[in-house]
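Each chain, written out:
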Amino acid sequence: MEIGVLGAVTVDGVAIPAGKQLTLLAALACHANRPVSGEVLARAAWPSAAPSPGTFRWHLHRLRATVGDRLVRGGDGHMLIVADDELDAVRFTRLIQRAALEPAERALPLLDQALALWRGEAYSGLHDLEDIRVEAAALHEARLAAIEARAKALMLLGRHAECASDMATAVAEQPLRESFIELWLRALAADGRPAEALRAYGRIRAQLVEELGVEPSGPLRRLHEELLRHDPAPRLLPPDVYAFTGRMKELAVLDQLLHGPPNVAVISGVGGVGKSGLALHWAHQSSDHFPDGQLYADLGRHTVAEVLTRFLAVLGVILIPEDHTERVALYRQMLAERRMLILLDNASGSVEVEPLLPGASGCVTMVTGRSRFEKLVADRGALLIQLEVLPPAEAALLIGRIARIDPGHAATLVELCARLPLALRVAGARLVTRPGWSPEILAARLTEERRLDELRAGELDVRACLEAGYQDLPDVERTLFVCLGLIPAPTFTAWMAAALLNVPVSTGGDLLERLAERQLLQPQGLDVAGQERYRFHDLIRLLARERAGSGPEQDSVRDRFLSCLLALAKDACERAYAGGFRLMDSGAPQWRPRGQVLPDEPMTWMAAERETLITGIHHAAERGYAAMCWDLALAGVRLFEIHGQFVDWEQTARRALQVCRDQDDMRGVGAMLASLSGVEAFQRRHETSLALAKEALPLLGESSIKALTLGNLSAAERALGDEKSALAHITQAVSLAAELGDTLSEAILLARLAFLNGGDPRPMLDKALKLAAGNTRVSLLISLSDLHASVRAGRHAYAETLSLRAIEDARRSGDRVAERDALSLRADSLIALRRPAEAAVCLRRAHELAVIQNVPLEAQRISAILKSLSLLAAEG
């Protein structure tokens with residue numbers, strides 16, 4: 001069914017006769033897909049006196065005979081249900097919205113379709129009704145705006161004669177709409193008919209004075225002056241970028257310039273991100289707001305002196321001063337009474353553009369470049385737009401438009417191009433110019449080694465664009481740039497730069513910031529350890545790797561990075577546990593930077609560097625550095641254990657185990673088997689934990705890790721029902737930790753022994769607490785042992801109080817595993833105290849943590865308890 005309101009109201013092309021049916025249908029169509037109360041409908045059709053209920057229902061019944069089941073009751077009223085394409089007013093609105101997002105050549109047919117839907121005045125003959133009158137007026141204004149948009153599209157396409165003819169008709173219909181008049185006069189002038197435009201202006205001015213008693217507005221008067229001078233305002237903008245896509249948020253920010261101050265905007269970003277395209281697109285969209293013209297200069301190709309000379313010439317200056325200061329003063333004088341847009345493209349910094357900024361506030365200046373333009377922001381209050389790569393959907397749409405393919409087939413190319421607009425355009429152009437290529441073929445060619453080679457199409461060259469910032473770097477910054485390409489870290493911090501260049505940490509931080517200022521690194525803000533982090537754009541990382549090359553010197557840089565990572569990770573563990581949990585030492589080289597790196601809470605540094613640590617472990621394995629690999633993996637255990645990152649723990653330990661076996665490093669094999677036994681124990685996989693512990697113990701020597709592995713062996717034996725062996729092994733573990741002087745390991749193992757020794761566990765737990773004094777993490781673990789003993793002994797009131805403190809301590813220290821255990825034990829006490837609702841709250845959070853930590857057996861155990869509680873609640 002098609003319902004028309006852009007003219008006489010019709011259903012499927014048939015006009016509805018005047019009467020109550022017509023009025024009711026119009027009122028419902030005006031609020032399509034929304035309920036309209038019976039009172040409103042009755043007032044619309046019977047304005048003088050309300051109808052009887054029977055009369056009202058009879059007329060609705062007649063209307064339903066016309067529209068069928070599209071008329072339904074909704075809420076406390078009636079509703080006309082229509083799809084978007086069934087009501088011409090909705091189709092019209094959708095078409096002009098689509099047109100607004102397209103370039104002129106694509107917008108024009110959409111606007112033609114939209115305007116063709118009009119058959120006359122909207123809701124013809126029904127404007128006595130208030131709601132309909134308001135809706136009709138809004139549609140009328142939208143039609144006029146569409147006519148204006150169509151005229152602008154014709155002008156952009158150079159179809160001046162057609163625009164002049166159409167706007168003459170539009171002005172005849174709307175003789176006082178000055179935006180129509182201005183477009184008509186500009187079209188006449190552009191079509192080579194300035195005299196005709198001047199005569200038309202004279203007639204229009206006389207009409208305005210006679211009918212309204214006013215002179216034409218400022219824009220029309222300035223246009224008249226331009227026509228008299230036969231010297232049109234300078235329009236130096238290059239063509240708008242083809243297939244401009246997205247950036248709606250940034251365009252809205254730039255719109256603030258139209259109502260400034262501020263009257264300066266700077267667009268900053270990495271090479272190829274679309275800075276110039278955004279500036280040009282907005283400039284073309286907003287050209288009507290700058291009746292005195294637009295100036296454009298590419299500062300990447302021309303000096304400021306050359307630009308000033310050109311600008312003064314197009315502004316009409318015949319004798320241009322030789323002195324630079326005088327040129328700047330004259331330039332600003334020429335702009336003082338004008339409303340112009342100045343676009344300064346590819347600027348190197350604030351100082352370069354300063355002479356080209358107008359002095360008066362009537363002009364607007366846009367600056368693009370890789371600088372952050374801090375001086376313009378500080379001194380001129382410039383709007384700053386830091387342009388990022390396109391979102392995935394917009395990136396796919398852009399490559400689809402360029403290559404004329406379905407955007408849904410471009411997902412792989414989008415990611416290989418890292419969503420950089422220049423790379424997307426190059427890829428699209430290559431597909432268009434090579435008819436035999438599919439997106440899959442091009443994607444296969446964009447391997448990491450060849451990607452920058454392939455992202456080149458004629459003059460468009462992604463590598464050259466990205467390299468522009470690199471070529472101008474001072475030597476030390478250039479060295480850092482290529483060194484960053486050598487290391488596997490996903491993001492970078494000051495200590496990494498210090499390690500790569502063998503400089504102090506503070507110097508490393510300064511050098512990273514300088515690379516960020518040149519858009520070769522992207523700032524990521526502060527991490528949890530308070531370190532400023534930076535990252536490469538994906539394609540810039542490829543450029544850095546290219547420039548880095550390979551060889552002994554590059555290998556030594558990578559090795560120093562790994563040695564620094566190992567030294568800092570081991571120092572963090574040492575400081576966090578005050579010498580307890582003594583780690584095995586592989587003998588791998590360690591390199592410590594000059595300056596402070598670790599914060600007061602060293603494990604926050606470990607958390608911040610988690611991805612660095614994981615990639616470092618894999619990188620060491622790839623290079624065959626068995627000792628470095630297992631030492632890093634062992635250092636990461638404390639981090640993974642606290643945060644319940646058991647997948648990371650297991651994967652890194654298995655990777656290190658493999659390289660240790662390949663290199664016949666048996667100490668490393670033992671350490672990694674012991675580590676894997678630990679992660680299996682945490683995940684309640686006791687059989688596997690027991691087997692790994694037994695395999696590891698002969699390889700460990702007399703060490704703290706052997707004591708802890710004996711503890712894991714004991715825990716597995718106890719869980720599997722072998723109490724005797726469990727007691728013997730935990731006793732041996734406590735004795736070994738004491739002999740080694742590892743008080744923290746002894747404390748944890750002693751707390752475990754308290755459960756197996758029989759009798760009152762309190763004395764052993766008290767001794768364990770004394771040994772752990774001063775270490776929050778280990779003291780928390782002892783408290784959990786105390787809590788577990790209290791629950792087992794039936795001291796539930798005490799356990800309920802103790803559990804609250806344990807949960808709070810665990811959350812404060814960020815220990816999610818301890819938090820999960822404390823919640824589960826608290827739930828046990830609450831169930832015994834007949835407080836099942838509170839227990840369920842604890843169990844749901846514990847279950848959530850078990851799932852996050854990938855401990856399925858524990859998650860299943862908790863789920864079973866929750867199910868039992870639900871059944872009890874249902875029965876009770």
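(A) Focus on the overall build of the protein. The helix and strand tally for the protein stands at 42 helices and 15 strands. Against the 2.2 N^0.38 benchmark of 29 Å for 876 residues, the protein shows a C-alpha radius of gyration of 38 Å, more extended than a compact globule. Principal axes of the C-alpha set define a box for the protein whose edges measure 110 × 90 × 55 Å. Expressed as a percentage of the 876 residues in the protein, the buried residues total 52%. Counting only contacts in the protein whose residues sit at least 6 apart along the sequence, the fraction spanning at least 24 positions is 67%. In the structure as shown, the protein presents an accessible area of about 38,500 Å², 53% of it carried by carbon and sulfur atoms. Each charge sign in the protein was given a centre, from 99 positive and 112 negative side chains, and these centres are 3 Å apart.

(B) Structural detail: the state of the cysteines. Within this structure, the stated rule accounts for 0 disulfides. Free of any disulfide, Cys564 has its nearest cysteine sulfur in Cys483, 14 Å distant. Residue class for Cys564 comes out buried when judged on its relative accessible area of 0%. Its sulfur unpaired, Cys573 is 15 Å from the next cysteine sulfur, which belongs to Cys564.

(C) Representation of the sheet that holds strand β11 (residues 383–386) within the structure. Taken in spatial order, the 5 strands line up as β8-β9-β10-β7-β11 in an open sheet, and their pairing is parallel. Every interior strand has two partners, whereas the edge strands, β8 (294–298) and β11, have only one. Going from strand to strand, the sheet's axes swing by 15° on average, the running direction of each strand aside. For strand β7 (residues 264–268) and strand β10 (residues 364–369), the ladder comprises 5 bridges, and the chain directions are parallel. Counterpart to Ala265 in the pairing with β10 is Met366.

(D) How the structure looks around the side chain of Ser829. Inspection of the secondary structure puts Ser829 in helix α40 (residues 816–832). Given a relative accessible area of 0%, Ser829 falls into the buried group. Not counting chain neighbours up to four residues away, the residues in contact with Ser829 comprise Val791, His796, Ala799 and Glu800.

(E) Examining the nonpolar core more closely. Counting residues in each nonpolar core, the largest one holds 229 residues, and the members touching the most others are Met366, Val462, Phe481, Leu484 and Trp605. For Trp605, the residues in contact, after removing those within four places along its chain, are Trp495, Ala529, Gln531, Leu565, Leu568, Ala569, Ala572, Val597, Leu598 and Pro599. One finds Leu41, Leu95, Leu185 and Ile204 within the second-largest nonpolar core, a separate group that totals 75 residues.

(F) Examining the sheet that holds strand β2 (residues 10–11) more closely. Sheet architecture is open: 3 strands sit in the order β1-β2-β3, paired in antiparallel fashion. Each end of this open sheet is capped by a strand with a single partner; those strands are β1 (3–4) and β3 (14–15).

(G) Seen up close, helix α17 (residues 392–403). The first and last C-alpha atoms of α17 sit 16 Å apart over 12 residues, in line with the 16 Å expected at 1.5 Å per residue. Residues of α17 that are buried in the fold lie against α5 (104–116), α18 (411–416) and α19 (421–433). Directly after α17, the chain includes Arg404, whose backbone phi takes a positive value near 60°.

Conventions we followed
Residues numbered from 1 in each chain as written. Predicted model: local features only at pLDDT ≥ 70, side-chain atom pairs only at ≥ 80, totals over all residues. Heavy atoms only, no water. Helix = DSSP H or I, 4+ residues; strand = E, 2+ residues; numbered from the N terminus. Rg over C-alpha atoms; globule rule 2.2 N^0.38 Å. Buried < 20%, exposed > 50% of the residue type's maximum accessible area, 1.4 Å probe, protein only. Contact = heavy atoms within 4.5 Å. Areas by Shrake-Rupley, 256 points an atom, 1.4 Å probe, with all protein chains shown as cover. Lys, Arg positive; Asp, Glu negative; His and termini not counted. Charge placed at Lys NZ, Arg CZ, Asp CG, Glu CD. Disulfide = S-S within 2.5 Å. Pairing = 2+ DSSP bridges. Axes fitted to C-alpha atoms, helices over the stretch in contact; angles between N-to-C directions. Core = buried A, V, L, I, M, F, W, Y, C linked by side-chain atoms within 4.5 Å. Expected span 1.5 Å × (residues − 1).

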